[in-house]
Amino acid sequence: GDDFDSKWLMVSGNMDGQIMLWEVSTDKGPPQAPKQTIKDAHSGAVRSLLWVEVGGERMVVSSSFDGSIATWKLDANVATLKESERKSLVDARCTECSAKKTAHKGAVTTLAFVGAFDVAEVSLQPTKSKMVIASGSEDGAVKLWDVTTGDLVSTVITCNMGVCSLAWLTNPFNQTTQAEIADGVGAWLACGVGDNTIVLVDPKTGEVIATVRGHDG
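Residues numbered from 1 in each chain as written. Predicted model: local features only at pLDDT ≥ 70, side-chain atom pairs only at ≥ 80, totals over all residues. Heavy atoms only, no water.

## Regarding the environment of glycine 192
Put simply, the test is: Numbering of helices and strands runs from the N terminus, with a helix taken as a DSSP run of H or I at least four residues long and a strand as a DSSP run of E at least two residues long. Any two residues having at least one pair of non-hydrogen atoms within 4.5 Å are treated as being in contact.
Relative to the helices and strands, glycine 192 is located in strand 14 (residues 187-193). Between the C-alpha atoms of glycine 192 and threonine 110, which are 82 residues apart in sequence, the distance is 9.8 Å. The contacts of glycine 192, once residues within four sequence positions are left out, are Gly162, Val163, Cys164, Ser165 and Thr197.

## Focus: the side chain of histidine 104
Keep this limit in mind: Summary of the burial criterion: residues with accessible area below 20% of their type's maximum are buried, those above 50% are exposed, and those between are partly exposed, where the area comes from a 1.4 Å probe applied to protein chains only. Distance and chemistry together define a polar contact, namely a pair of N or O atoms within 3.5 Å, with one atom able to donate a hydrogen and the other to accept it when in protein, and with adjacent residues in sequence counting only for side-chain atoms on both sides.
The residue histidine 104 is located in the loop between helix 1 (95-100) and strand 9 (108-116) in this model. On the basis of relative accessibility, which here comes to 2%, the residue histidine 104 falls in the buried class. Polar side-chain contacts of histidine 104 include one of 2.8 Å to the side chain of serine 135. Polar contacts involving the side chain of histidine 104 include one to the side chain of aspartate 139, which spans 3.5 Å.

## Considering the pattern of salt bridges
We apply this condition: Definition used for salt bridges: Asp or Glu carboxyl oxygen within 4 Å of a side-chain nitrogen of Lys or Arg.
Going through the model one piece at a time under the given rule, you end up with 4 salt bridges. Glutamate 57 serves as the salt-bridge partner of lysine 82, at 4.0 Å between the closest nitrogen and oxygen. Within this pair, whereas lysine 82 is found in the loop between strand 7 (80-81) and strand 8 (87-90), its partner glutamate 57 is found in strand 5 (residues 57-64), the two being separated by 25 residues in sequence. In this structure lysine 82 comes out as partly exposed when scored by relative accessible area, which is 24%.

## Focus on the sheet that holds strand 2 (residues 19-23)
For the record, the criterion: Strand pairing is assigned whenever DSSP detects at least two bridges linking the two strands. Only the contacting stretch of a helix is used when fitting its axis, a line to C-alpha atoms as for every element, and angles between N-to-C directions run 0 to 180 degrees.
Spatial ordering of the open sheet is given by 1-2-3, a layout of 3 strands whose pairing is antiparallel. Only two strands of the sheet have a single neighbouring strand rather than two, namely strand 1 (9-13) and strand 3 (36-38). Here the average twist between neighbouring strands, direction ignored, is 15°. The pairing of strand 2 with strand 3 spans 3 bridges and is classified as antiparallel. Bridged to leucine 21 within strand 3 is glutamine 36.

Here you go:
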């Protein structure tokens, strides 16, 4: 209804490639069944899901073991995802993606929200016109994507093993305002890699800031 707020929606994915939308209410207890099930969301297991907002419109970004990243717009009037408006950011099976060298060469294992940036500028200075996410894959690559257009912004780094997780961190050595921090200025990207290391990288330049070791598994 008109009083719908997406903070009361939860999205999940499973090994069958399905995406499920759940309506959560504090006064009704845990949901007993999903509000919506998209059975053919991906041809492989769903690995990562993000809520983002672009131009005032909420959407879900999903990634999968099938090597693809997709976006799903939310119909706020009925609180469901618009299956017919599925948009593929990248697909490992896509000939055009492979030709342009934009596709990951393996499962897309993790996604991270980056922020609103002007992707036309190398410096990635913040604006409200572009929404950028990061993806990591078992091919070791970390890429930035413009959710609005579906374009590849850059390949930040290619690690020596698969990337398991990503996190956007504030650079503690940068003198930035709270507003700039919220927009991702002066930030690092932390990449959890399959060799049990965490690689901190500058997303603007691809420079490795540090490699943290110490995990046993």
